[in-house]
Amino acid sequence: MSAVLPMLERPAQGAAQGLVVLLHGVGSNEQSLASLAQALDPRLHVLLPRAPLVFGPQAFGWFTVRFGAQGPVIDPAQAEQSRLLLGEWLATQQQRLGVDARQTVLAGFSQGGIMSASVALTQPQRVKSFGVLCGRILPEIAPQVPADIADAGLDGLLVHGHADDKLPYTLAESAAQRLQALGVAHQLRGYPVGHTLSADMQQDIRGWIEGRLLSRP
């Protein structure tokens, strides 16, 4: 797969104080998080890439997944290809925009959140912070996580609906436990919703992103 991904782009007004990359979920596309992108502070440059795998008209994904009695079952080879692709693509965009990795936040919804964690935890030199929005952390990435990840200065946000029927809230709790074991700073926030981003969740996500990238007077 090429490191060129179709994308939406919301340029910053003036010199960008940070880069925000928002990744959509499976079966969706780059338009799905456009409202969140537009709501972010105009001093931030926002990119919304489209996943490389085509699942239908305007339906894309980072890897194939089936939901069975034992939970989600993924195609690990596709997930690994997308992880490497995203890391390469992100480096290209940072170079193009002249934005340092420490000015970069990577976040996504559902499968996009999974990919955010996969890239951040295995290539911490690429991002400052990562957001897993109604997603999880893949156990398959464990061999690629650096042994000194606790020293990388990463921090993560986990937001999840208590009534999520696609990826149960227990997966967010497991992700928090995983980050705790790795020594990665993080916050876990639960909400009384299903597999969606409510207005309250989006407001909290915006505040978290802006708090990491923008210098306050």
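Residues numbered from 1 in each chain as written. Predicted model: local features only at pLDDT ≥ 70, side-chain atom pairs only at ≥ 80, totals over all residues. Heavy atoms only, no water.

**So, helix H5 (residues 199–213)**
Okay, step 1: Helix length check: H5 (15 residues) gives 21 Å between terminal C-alpha atoms against 21 Å at 1.5 Å per residue, within 8%.
Okay, step 2: Turning to H5, its buried residues number three or more, namely Met201, Ile205, Trp208, Ile209, Glu210 and Leu213. (Helix = DSSP H or I, 4+ residues; strand = E, 2+ residues; numbered from the N terminus. Expected span 1.5 Å × (residues − 1). Buried < 20%, exposed > 50% of the residue type's maximum accessible area, 1.4 Å probe, protein only.)

**A closer look at the pattern of salt bridges**
Side chains that carry opposite charge are capable of pairing whenever their charged atoms lie near each other.
Okay, step 1: Counted according to the given criterion, the structure contains five salt bridges.
Okay, step 2: Here glutamate 9 and arginine 96 are joined by a salt bridge, their closest N and O atoms 2.8 Å apart. Within this pair, whereas glutamate 9 is found in strand E1 (residues 7–10), its partner arginine 96 is found in helix H2 (residues 76–97), the two being separated by 87 residues in sequence.
Okay, step 3: Given the relative accessible area of 45%, arginine 96 is considered partly exposed.
Okay, step 4: One salt bridge in this structure joins aspartate 155 and arginine 212, with 2.6 Å as the shortest N-O distance. One end of the pair, aspartate 155, is in strand E10 (residues 155–161); the other, arginine 212, is in helix H5, with 57 residues separating them in the sequence.
Okay, step 5: The exposure class of aspartate 155 is buried, given its relative accessible area of 14%.
Okay, step 6: Take arginine 212: its relative accessible area is 24%, and that puts it in the partly exposed class. (Salt bridge = Lys/Arg side-chain N within 4 Å of Asp/Glu carboxyl O.)

**Some points on the side chain of arginine 10**
Okay, step 1: Note on placement: arginine 10 falls in strand E1.
Okay, step 2: For the buried arginine 10, no salt bridge is present, and the opposite-charge side chain at shortest range is aspartate 41, 6.2 Å distant.
Okay, step 3: A polar contact is formed between the side chain of arginine 10 and the backbone oxygen of aspartate 41, at a distance of 2.7 Å.
Okay, step 4: One polar contact links the side chain of arginine 10 to the main-chain carbonyl oxygen of leucine 44, over a distance of 2.6 Å. (Lys, Arg positive; Asp, Glu negative; His and termini not counted. Polar contact = N/O pair within 3.5 Å; in protein donor to acceptor, adjacent residues only side chain to side chain.)

**Considerations on the pairing of strand E2 (residues 18–23)**
Okay, step 1: The element E2 is largely enclosed, with a buried count of six among its six residues.
Okay, step 2: Taking every second residue as pointing to the same face, both faces of E2 are buried, with Gly18, Val20 and Leu22 on one and Leu19, Val21 and Leu23 on the other.
Okay, step 3: Sheet topology note: the E2/strand E3 (residues 44–49) ladder contains four bridges and is parallel. Bridging from a neighbouring strand, glycine 18 pairs with leucine 44 of E3.
Okay, step 4: Taking the sense of rotation as the criterion, the β-α-β connection linking E2, helix H1 (residues 34–39) and E3 turns out right-handed.
Okay, step 5: In this structure, E2 lies alongside strand E8 (residues 104–109), joined through five bridges in parallel fashion. Bridging from a neighbouring strand, valine 20 pairs with valine 105 of E8. (Pairing = 2+ DSSP bridges. Right-handed = clockwise from strand over helix to strand, strands pointing away.)

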